[in-house]
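Given next are the chains, with one letter for each unit.
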Amino acid sequence: MSDGSRAGAVLEVTDADFAAEIEGAGGVSVVDFGAAWCGPCKMMNPIVEQLAGELAGQVRIAKIDVDANPRTAARYNARSLPTFLVFRDGQVVDQLIGAMPKPVLERRIREHL
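Undergrad: What am I meant to see in helix 4 (residues 102-110) here?
TA: Helical geometry: 3.6 residues make up each α-helical turn, so side chains three or four residues apart lie on a common side. Taken together, the buried positions of helix 4 are occupied by Lys102, Leu105, Glu106 and Ile109. With its buried residues spanning 100° around the axis, helix 4 presents them on a single face. In this fold, the buried residues of helix 4 make contact with strand 2 (28-34), helix 2 (39-54), strand 3 (59-65), strand 4 (83-88) and strand 5 (91-97).

Undergrad: Help me out: how do you make sense of the packing of helix 2 against helix 4 in this one?
TA: The relative placement of two packed helices comes down to the angle between their axes together with the axis-to-axis distance. One can describe the packing of helix 2 onto helix 4 by two numbers: an axis separation of 10 Å at closest approach and a directional angle of 40°. Judged by the angle between their axes, helix 2 and helix 4 are oblique. Remark: the crossing between helix 2 and helix 4 carries right-handed chirality. Of helix 4, the residues touching helix 2 (which contributes Met44, Ile47, Gln50, Leu51 and Glu54) are Lys102, Leu105, Glu106 and Ile109. Its residues assigned to classes, the contact of helix 2 with helix 4 comprises 5 nonpolar, 1 polar and 3 charged.

Undergrad: So what exactly am I meant to see when it comes to the side chain of Asp32 here?
TA: Secondary-structure assignment places Asp32 in strand 2. Look past the residues within four positions of Asp32 in its chain and what remains in contact with it is Asn45, Val48, Ala62, Lys63, Ile64, Pro82, Thr83 and Phe84.

Undergrad: Looking at this structure, how should I read the pattern of salt bridges?
TA: If charged atoms from side chains of opposite charge come close, those side chains can pair. In the structure shown here, the tally under the stated rule is 6 salt bridges. Glu21 is the salt-bridge partner of Arg60, the closest N and O atoms lying 2.9 Å from each other. One end of the pair, Arg60, is in strand 3; the other, Glu21, is in helix 1 (residues 18-23), with 39 residues separating them in the sequence. For Asp94, the salt bridge goes to Arg108, with nearest N and O atoms at 2.6 Å. Taken together, the positions of Asp94 in strand 5 and Arg108 in helix 4 put the pair 14 residues apart, joining distant regions of the chain. On the accessibility criterion, Arg108 (24% relative accessible area) is partly exposed.

Definitions and cut-offs
Here, residues in each chain are numbered from 1, in the same order as that chain's written sequence. A pLDDT threshold of at least 70 governs which residues receive local features in this predicted model, and a stricter bar of 80 or more applies before side-chain atom pairs are shown or counted, although totals over entire chains, interfaces and linings include all residues. For side-chain calculations, the full set of non-hydrogen atoms in the structure is used, while hydrogens and water are omitted. Under the scheme applied here, a residue whose accessible area is under 20% of the maximum for its type counts as buried, over 50% as exposed, and between as partly exposed, the area being computed with a 1.4 Å probe on protein chains only. Note on conventions: DSSP H or I runs of at least 4 residues are helices, E runs of at least 2 residues are strands, and numbering of each starts at the N terminus. Arc definition: directions from the helix axis to the C-beta atoms. Two residues qualify as a contact provided that any one of their heavy atoms is within 4.5 Å of a heavy atom in the partner residue. Note on geometry: axes are C-alpha line fits, over the in-contact stretch for helices, and angles between N-to-C directions span 0 to 180 degrees. In this scheme, roughly parallel covers angles under 35 degrees and roughly antiparallel covers those over 145, while 65 to 115 is roughly perpendicular and the rest are oblique. Two helices that cross are described as forming a left-handed crossing if the nearer one is turned anticlockwise from the farther one by less than a right angle, and a right-handed crossing if clockwise. The nonpolar class holds Ala, Val, Leu, Ile, Met, Phe, Trp, Tyr, Cys and Pro. Asp, Glu, Lys and Arg form the charged class, and all remaining residues, Gly among them, are polar. By definition, a salt bridge exists where a carboxyl oxygen of Asp or Glu is found within 4 Å of a side-chain nitrogen of Lys or Arg.

Note that all results are geometric; they support no functional claim without further evidence.
Structure representation (structure tokens):
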């Protein structure tokens, strides 16, 4: 696994390792589909990083750049950014789209723990 395996770190995933890191992972994973040019994505970055630290050991939090990884973005129909997909044991169980307050994202993640 990449350096994202550190407790509380946001894991950077790609088309090449998405299946192993997310679809093959047990438990709950949250994937932030975004892009460098996306304003709402930039607004969510500090929130995503805070949640990665606060939920370390409970949830794997990952980011994927849709421009650099179009296959995964297309496979999961991530057209509006940011799109947050919640996976449980490799299967999508929830989806949130757009920027939102931290408590909203945190509550939806915790529903799947």
